[in-house]
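# Structure assessment
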Amino acid sequence: MTAFSVTPEAIQAAVVAALGDKVQRISISLGEVEVVVSADDYHAATLLLRDAVGCKFEQLMDLCGVDYSEYKGGAYEGPRFCVVLQLLSVSLNQRLRLKVLATDDAMPLVASVTDVWAAADWYEREAFDLFGIMFDGHNDLRRILTDYGFIGHPFRKDFPTSGYVEMRYDAEQARVIYQPITIESREITPRIIRENNYGGLK
C-alpha cells in the first residue's frame, strides 16, 4: 500500500484495532471516517490514535465544540455538548474525525488533550469561551475571543442574539462600563418589491 492509497475502510480497521472496546461508534460517510469515544476513554484514545502503528495521527488540525440542543428540530435525545477533533496523519496521509460527548449538560467536562497535541491549547480555550465546555487538565483555561467581563457562552443555542449586557464608554467615570441591554429585539422581514416587466418578465 502506498502513502496515497489509504482507503477509508483501511483507516477504519486501523482505528478499531488501536482503540478496541474504546470505540462507541465508528462510521464512514462521504469518504471520511468518524469515531466516537466516551468521555472516560477520551484521553487514552487520543494517545492511542497518535501513537498506534496504523494510525499515527500526529497532528490536531482542529478542535471545536457543538451544541446539539436544537439538533433535528429538537428531536435529538442525548448529551447536549460534544467536542469534535479533526486529526491528520502526515506520515500515513490519512485523516480522522474524533468525537466525544460530555456526560453532564449542566457542567460539560472532558479531559484536555494539550499534553497530546500542543495545538489543542487555544482550540480548547475557544470551545470553553463559546460553548462553556470545560477541559480538565488545561493549565490556562480562560476566555480567548470574548471580553474578560463577558457573561455567558455565545455559541450556545439558548444564548440570546442580543446578549445579556452591553458596554459603552462613560465619560464621567472615564472608563468602559457594562449595563443592561437597551436595544429592543425585533423581527425584520424583508420586503420583496416586484416591478412590472422587471428583467423582461411579465
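Structure: above.
Structural notes, computed from the coordinates.

How each quantity is defined
Residues numbered from 1 in each chain as written. Predicted model: local features only at pLDDT ≥ 70, side-chain atom pairs only at ≥ 80, totals over all residues. Heavy atoms only, no water. Helix = DSSP H or I, 4+ residues; strand = E, 2+ residues; numbered from the N terminus. Buried < 20%, exposed > 50% of the residue type's maximum accessible area, 1.4 Å probe, protein only. Contact = heavy atoms within 4.5 Å. Areas by Shrake-Rupley, 256 points an atom, 1.4 Å probe, with all protein chains shown as cover. Lys, Arg positive; Asp, Glu negative; His and termini not counted. Charge placed at Lys NZ, Arg CZ, Asp CG, Glu CD. Phe/Tyr/Trp six-rings, centres within 6.5 Å; stacked < 30°, edge-to-face > 60°. Axes fitted to C-alpha atoms, helices over the stretch in contact; angles between N-to-C directions. Parallel < 35°, antiparallel > 145°, perpendicular 65-115°, else oblique. Left-handed = near helix turned anticlockwise from the far one by under 90°. Expected span 1.5 Å × (residues − 1). Pairing = 2+ DSSP bridges.

Before going further, it helps to spend a moment on the overall build of the protein. When helices and strands are tallied, the protein shows three helices and nine strands. Helices and strands appear in the protein in the N-to-C order α-β-β-α-β-β-β-β-α-β-β-β. With the principal axes as the frame, the protein shows a C-alpha extent of 65 × 60 × 30 Å. Scored against the burial criterion, the 202 residues of the protein give a buried share of 35%. Contacts spanning at least 24 positions in sequence make up 50% of the contacts within the protein whose residues lie at least 6 apart. Within the structure as shown, the protein displays about 12900 Å² of accessible surface, and the carbon and sulfur contribution to it stands at 53%. If you average the places of the 20 positive and of the 29 negative side-chain charges in the protein, the two averages end up 6 Å apart.

For the rest of this paragraph, the subject is the packing of aromatic side chains. Evaluated as defined, the whole model comprises six aromatic pairs. Here Phe-131 and Phe-155 contribute two aromatic rings whose centre-to-centre distance is 5.7 Å and whose plane-to-plane angle is 85°, an arrangement assigned as edge-to-face. Separated by 24 residues along the polypeptide, Phe-131 in helix α3 (residues 120-131) and Phe-155 in the loop between β7 (134-136) and β8 (165-170) bring together distant segments of the chain. For Phe-131, a relative accessible area of 9% gives the class buried. A ring pair is formed by Phe-159 and Tyr-164, whose centres lie 5.1 Å apart and whose planes are at 85°; its orientation type is edge-to-face. For Tyr-164, a relative accessible area of 44% translates into the label partly exposed. Following the ring pairs from residue to residue traces out a cluster consisting of Tyr-68, Tyr-71 and Tyr-76.

For the rest of this paragraph, the subject is the packing of helix α1 (residues 8-19) against helix α2 (residues 42-51). Between α1 and α2, the least distance of the axes is 9 Å, while the angle of their chain directions is 125°. When the axes of α1 and α2 are compared, the pair comes out oblique. Between α1 and α2 lies a crossing of right-handed hand. Where α1 approaches α2, its residues Val-15, Ala-18 and Leu-19 are matched on the opposing element by Ala-45, Leu-48 and Leu-49.

Note on placement: Gly-132 falls in the loop between α3 and β7. On the basis of relative accessibility, which here comes to 7%, the residue Gly-132 falls in the buried class. Remark: the alpha-carbon pair of Gly-132 and Phe-81, spanning 51 residues in sequence, is separated by 9.2 Å. Each residue touching Gly-132, except ones within four places of it in the same chain, is listed here: Pro-108, Ala-127, His-153 and Arg-156.

So, about α3. With twelve residues, α3 ought to run about 16 Å at 1.5 Å a step, and its terminal C-alpha atoms sit 16 Å apart, in line with that. Taken together, the buried positions of α3 are occupied by Ala-120, Glu-124, Arg-125, Ala-127, Phe-128, Asp-129, Leu-130 and Phe-131. At its buried positions, α3 is contacted by β3 (59-67), β4 (81-89), β6 (109-111) and β7. At the C-terminal side of α3, Gly-132 shows a positive phi close to 80°.

Strand order in the open sheet formed by five strands is β1-β2-β5-β4-β3, and the pairing between neighbours is mixed. Edge positions in the open sheet fall to β1 (23-29) and β3, since each of these has one partner strand only. Mean inter-strand twist for the sheet, computed between neighbouring axes without regard to direction, equals 20°. In this structure, β1 lies alongside strand β2 (residues 32-37), joined through six bridges in antiparallel fashion. Within β2, the residue paired with Ser-29 across the bridge is Glu-32. Relative to the sheet, α2 contacts β2, β3, β4 and β5 (94-101), its axis offset from that of β5 by approximately 175°.

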